[in-house]
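For reference, the chains in residue letters:
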Amino acid sequence: LCAFVWHSVPSQTSEALIASAPLWGSVVVSNQRPIGVGSRGITGWGLGGGTSRDNGMTPNPLWAYRGSGGVKETPRERNPGKQRRDRPSKVQVLRWALKEMQQQPLSGDSICAPLEKMLRRNRFAPQAQGRARQDLQPEVARLCELVTPAVHQFSAQEVCRLVDVLTELSDWDSVFRQSYRGQPQLFGAIERRIVDPAILNSLKKAQGSRLIWGFGKMGVALGDAAREVGNRLANGDQLTGRQLAKVTLGLAKAQIRDLALLGALADHAVRLDVISDCDAQGIANIAWSYAKLGINNQALMMALADRAMQPGFLSTFAAQNVANTVWAYARLGVKDQALLAAVAEQIVQEGFLSTFAPQNVVNTAWAYAKLGVKNEALMAALADRAMQDNFLSRFKPQEVANTAWAYARLGILREELMAGLIVHIMQDGFLSGFQAKDIAQTAWAYATLGIRNKALMEALAERTMQDNLLSMFTPQNLANTAWAYATLDIRDEEFMNMVADRAVHNGFLYSFNEQDVANIAWAYANLGLKDERLMLGIAEWTMQESSLPKLNAQKVANTVVAFAKLGVRNEGLMAALAGVILQPGFLSMFKAQSLANVVWAYGRLRAVDEVLMVAIAKRVMQDGFLSTFNSQDIASVAVGYARLGVTNDDLTKALAERTMQDGFLDTFTPKEKSDLSWAFLKLGVKDKALIAALRTRT
């Protein structure tokens, strides 16, 4: 309506409108409401209703209702060829605005009014590109230089108006947002003016919340000002739900992780029941903000969940609100079963998933997987949505990787979906967008689900070896990738050699945790790839004083087995691991298979440690433990002792008795029987019936 009036009435009348109502906003087209008054002026500063964009947020990042937080494209914007040829460029209109400012004494009104008029008349101008973008940058710098000296005399209302105009400009063209980062003088002046007691104490709640929101939206971290204003709001009169959402969202976007301030705001929200005033988007924004800052305030998260589960309230959530909310709870590790069940039920309602964009689908699947909540109906519905029409073709590389990871993490095999993801990944050029984490997650996911697609794994390996991408792998990325190739039995020696090079380069291996080390050792052993440098590095890492106490029974077993399979004998390592095993109570943590593997490994490497073997024999014969050993475990233990030449008559007798229990011998494979027969003879077993039985059945 404002735009219609502006372009319809005579110019003199239009100028009068500006003079009489300088704070009027611009027309905004939102995803969820047809038309609304813009975010400046009367509605923006708490003198009226508010805007459809005030709570805007998208997951990762978070500003609705366009990726950068502005208005939606119009048909004219999407078809620049059809635009009026005489439309002035953004550079021209900004120069005109600057010229108008300089024609009168600088004040809040003389600065803001020309910019507001410029925005109203050129709302739908396309983003500056190429040369136009370069030409616009110095003009933005001129604007900042012009405004800076005048800020010290602004009133509270004028400061708020200026911040709002600067925020709108950052929406209007990304050049403004980028240029703001190089303007510490302007924003320093604004910050000093805000913290002036005369200004700070006169700010209203709506103004304060809007200021912090604007800072965040512009990506400007005005730390002191934001803290001062935030503390004043947290300790003042009750905020509305919308105001609380704006404050928290602004702090999150500006990356101001002030624990005291965020704690005070959460206490304010819970104590004064501000959450009950929040709408769906407010709930999602607040949850997202605390999750983005990594602050898990249990009372606040519980209050948000209670509000979300009020009768009928979840039905007001849009797709983005749902995805943002569950993403936030997952990011903070808050496993609220009731909330997650209610959200899942809402999502699978007929027609609701049809509103989900790719990012909504991915974030929801990721959230449930991250929290380990296996809701078969939800995951099936999300997979069905992903496979509709050409929906999957809109997935970005990270979204593909996260989707595969989510289904693998929950152990849910949706063959059509996983096949569809492969087709999408293998499209020309798509893999070039994969980063280190995407490669690791995708490889791990397909290995975990047991899907062996050699072409996919070769393509992932090829991508990994490009653009120095391996240097960007984290320890977990590298270990999981190696584990995936070994699990799928894909022996790409060139690729695995490069992985090993990365692991040992500049001491990178020392940043691995015990799980990463165990995984990479197992991977090379399983593939039969003997890399001396890598194995030496693993041995040295394991023998560190800081590493040994972190090893559990399974990791000890995996490590010794890896060295044994590759035939790498490191006496220092074997002695160190024996010392760990002999710690009081440690042997009781081994399961039958793990302990049998340890004996087999020491035997394979001929690493004789009689004290260790005596202790293991006692453990095997304790408390019916031997009854949990299967045929392979029995054979491994017997062969291990035989190779070491360590005779323990009581253990040998117990192994023989276990072997001859009713029907147990029938479970042995021919190789296991052959190995056991050899071991018993080596250990001096004289039970002719037993040896005959083993040989007869072999």
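Before any of the text, the structure's been laid out above.
Now for a quick tour of the structure.

Definitions and limits used
Residues numbered from 1 in each chain as written. Predicted model: local features only at pLDDT ≥ 70, side-chain atom pairs only at ≥ 80, totals over all residues. Heavy atoms only, no water. Helix = DSSP H or I, 4+ residues; strand = E, 2+ residues; numbered from the N terminus. Buried < 20%, exposed > 50% of the residue type's maximum accessible area, 1.4 Å probe, protein only. Contact = heavy atoms within 4.5 Å. Salt bridge = Lys/Arg side-chain N within 4 Å of Asp/Glu carboxyl O. Phe/Tyr/Trp six-rings, centres within 6.5 Å; stacked < 30°, edge-to-face > 60°. Lys NZ or Arg CZ within 6 Å of the ring centre and 35° of its normal.

## Here's the deal with unusual backbone geometry
Positive phi outside glycine occurs at N468, with the angle close to 55°. Looking at the element boundaries, N468 is found in the loop between α25 (454–464) and α26 (475–487). In this structure, D623 takes a positive phi of about 50° despite not being glycine. With respect to the helices and strands, the residue D623 is situated in the loop between α33 (610–620) and α34 (631–644). Note on D623: relative accessible area 75%, which makes it exposed.

## Points about the environment of W678
As for its position among the elements, W678 is in helix α36 (residues 670–682). The exposure class of W678 is partly exposed, given its relative accessible area of 40%. Among all residues touching W678, those that are not within four sequence positions of it are V639, A642 and R643.

## What about the pattern of salt bridges?
Applying the stated rule across the entire model yields 23 salt bridges. We note a salt bridge from D173 to R133, for which the minimum N-O separation is 3.9 Å. Of the two residues, D173 sits in the loop between α8 (156–172) and α9 (174–180) while R133 sits in helix α7 (residues 130–147), which places them 40 residues apart along the sequence. With a shortest N-O distance of 3.8 Å, E571 and R569 are connected by a salt bridge. For E571, a relative accessible area of 58% puts it in the exposed group. On the accessibility criterion, R569 (46% relative accessible area) is partly exposed. Residues joined by salt bridges that share partners form a network here, namely K90, R133 and D173.

## A few points about the environment of N477
Its location among the elements puts N477 in helix α26. Using a relative accessible area of 11% as the deciding quantity, one classes N477 as buried. Distance from N477 to A436, taken between C-alpha atoms, is 7.1 Å for residues 41 residues apart in sequence. With sequence-adjacent residues up to four places away left out, N477 is seen in contact with A436, K437 and A440.

## Focus on the packing of aromatic side chains
Within the structure shown, the criterion is met by 12 aromatic pairs. For the ring pair Y180 and F187, a centre distance of 5.3 Å and an interplane angle of 65° mean the geometry is edge-to-face. Here Y180 matches F187 in class, with each residue buried. Centre to centre, the rings of F430 and F434 are 6.0 Å apart; their planes meet at 70°, and the pair counts as edge-to-face. Take F430 and F434: they sit in the same class, and that class is buried. Cation over ring: R619 sits above F625, and NZ or CZ is 4.0 Å from the ring centre. When the ring centre of F664 is taken as reference, the NZ or CZ atom of R658 above it lies at 3.8 Å.

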